[in-house]
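Each chain, letter by letter, is given below.
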Amino acid sequence: MQWLAAHPPTAELLRPAVTVATRPGPYAVRAGDVTGDGRPDLVIARVGDNSVGILPGRGDGSFDPEIDYSTGATPYGLSLGDVTGDGKLDVVTADMGDNTLSVFANRGDGTLSPRVAYRCPGPYGIALADLDADGKLDLIATDHQGYTGHAINVLMNRGDGTFAEPVPYDTVTGPFSLAVGDIDGDGKLDVAAFGDSATSAVSVLLGRGNGTFSPQHLYAVGAVASPPASDLASWIALGDVTGDGKLDIAVTNGPSSIAVLVNRGDGSFAPRATYPTGRDPLALVLADFDSDGKLDIAVDNDGDDTIGIMVNTGDGVFAAQIAYSIERGSNSLTAADFDGNGKPDLAVAYYLNVPGSLGVLLHR
């Protein structure tokens, strides 16, 4: 492992990155048990050949060769969830190049049915969540439209795994990513959306419990780069980093930092705190990497080819990042226990590599 700064041996949380070959242009990566064998698999959306790939996990941190399915054009976004209600994880991609969402139903044996496409303007980030508490997962997608969109679109599940027409709700301009959770503690799911790197604000839309949302509230996340770098995502995550039972917000924040907004307890947020990262942080995830019961942050620093782990000091304040070397052109990050040791591992998509690859960093 090549360290970018001196750290004591106790700081070594992850093993060196191992490269996993894929087809060209893996842009988004998610983890979930698609094959139904109790082991997390990797799912990737590829802009290189407009496809989605399933890499079945072996349970030891390695993966079988990918199984591929055609999507719409430029599938930037990816989400996993049981949209048909059969207990199997289905796959959804956001195909911004042809303004569609592709839904792939799981056949039950780990293979997917051909895509069913739904029209949706400018989709980039997507999520699946039961917005109206009917036991069915609905679809939410950001309307990015080349930095000019300014909405999320909600497609309600009709109850049979098909979706109604999109209904838009205003957000910040150029929203890349979104996260769903009960932000205000009323038992109804809310949405937080984050825009491009010139926006410098997060939109919070409180859910009414019936699939509709109140008008957005905006929260500043600080000065960020302008104009935004082309095709580089900005990422948002929800999680209780302070340990008070309330969902806080973490976002990548321009050229070299992340921002954390702490929930005041009523669904509003205190002014942001910022923490330095490597260059060009593009994606982040929340997980307990040091096994102390508190959520830490992993951030993908595309500009200097590192993954940074920022340990939670116990009250939602984060220590300086521990940096791990990865390959160039990273863009998307996911966490799961790939080797069955009870600790979170990481997978990162290398979208610039030829022919294509992922990096897997197993926990020590």
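What counts, and at which threshold
Starting from 1, residues in each chain are numbered consecutively following that chain's sequence as written. Local features in this predicted model are restricted to residues of pLDDT 70 or higher, and side-chain atom pairs are both shown and tallied only at a pLDDT of 80 or more, whereas totals for entire chains, interfaces and linings draw on every residue. The side-chain numbers reported here are obtained from all heavy atoms of the structure, hydrogens and water having been left aside. For Phe, Tyr and Trp, rings pair up if their centres lie within 6.5 Å, where Trp contributes its six-membered ring, and each pair is then called stacked (planes under 30 degrees apart), edge-to-face (over 60) or tilted (otherwise). Numbered from the N terminus, helices here are DSSP runs of H or I no shorter than four residues, and strands are runs of E no shorter than two. Each residue is assigned to one of three classes by its accessible area relative to the maximum for its type, calculated with a 1.4 Å probe on protein chains only: buried under 20%, partly exposed between the two thresholds, exposed over 50%. How sure the predictor is of each residue is captured by pLDDT, a score from 0 to 100. Every residue pair with non-hydrogen atoms within 4.5 Å of one another is taken to be in contact. Strand pairing is assigned whenever DSSP identifies at least 2 bridges connecting the two strands. Note on geometry: axes are lines fitted to C-alpha atoms, helical ones only across the stretch in contact, with angles between N-to-C directions running from 0 to 180 degrees.

*Asks:* Describe the packing of aromatic side chains, with residues and values.
*Replies:* Tallying each qualifying case throughout the model produces 11 aromatic pairs. An angle of 75° between the planes, with centres 5.4 Å apart, marks the rings of F63 and F338 as edge-to-face. Of this pair, F63 sits in the loop between β4 (51-55) and β5 (67-70) while F338 sits in the loop between β26 (330-336) and β27 (345-350); the two residues are 275 residues apart in sequence, bridging distant segments of the chain. You'll find F63 and F338 in the same group, each marked buried. Both rings, one in Y219 and one in F269, keep their centres 5.3 Å apart while their planes meet at 80°; by these two values the pair is edge-to-face. Of this pair, Y219 sits in strand β17 (residues 217-220) while F269 is found in the loop between β20 (257-261) and β21 (273-276), placing the two residues 50 residues apart along the sequence. Exposure remark for Y219: the relative accessible area of 14% places this residue in the buried category. These aromatic residues form a ring-pair network of at least three members: Y27, Y76, Y124, F176 and Y351.

*Asks:* Run through the confidence of the model for the protein, naming residues and quoting values.
*Replies:* Across the protein, the average pLDDT comes to 91, with 93% of residues at or above 70. This stretch, residues 1-10, has a pLDDT under 50; its non-local contacts, to residues over four places away or in other chains, come to 18 contacts. Low pLDDT, under 50, characterises residues 224-231; the predicted model gives this stretch 24 contacts beyond four residues in sequence or across chains.

*Asks:* Tell me about the sheet that holds strand β28 (residues 357-361), and name the residues and values.
*Replies:* Pairing is antiparallel across the open sheet formed by four strands, whose spatial order is β1-β28-β27-β26. Looking at which strands have only one partner, the edges of the open sheet turn out to be β1 (18-21) and β26. Between one strand and the next, the sheet's axes are offset by a mean angle of 25°, whatever the strand orientation. Relative to β27, β26 is paired through six bridges, and the arrangement is antiparallel. Each residue of the ladder has a partner; that of S332, found in β27, is A349.

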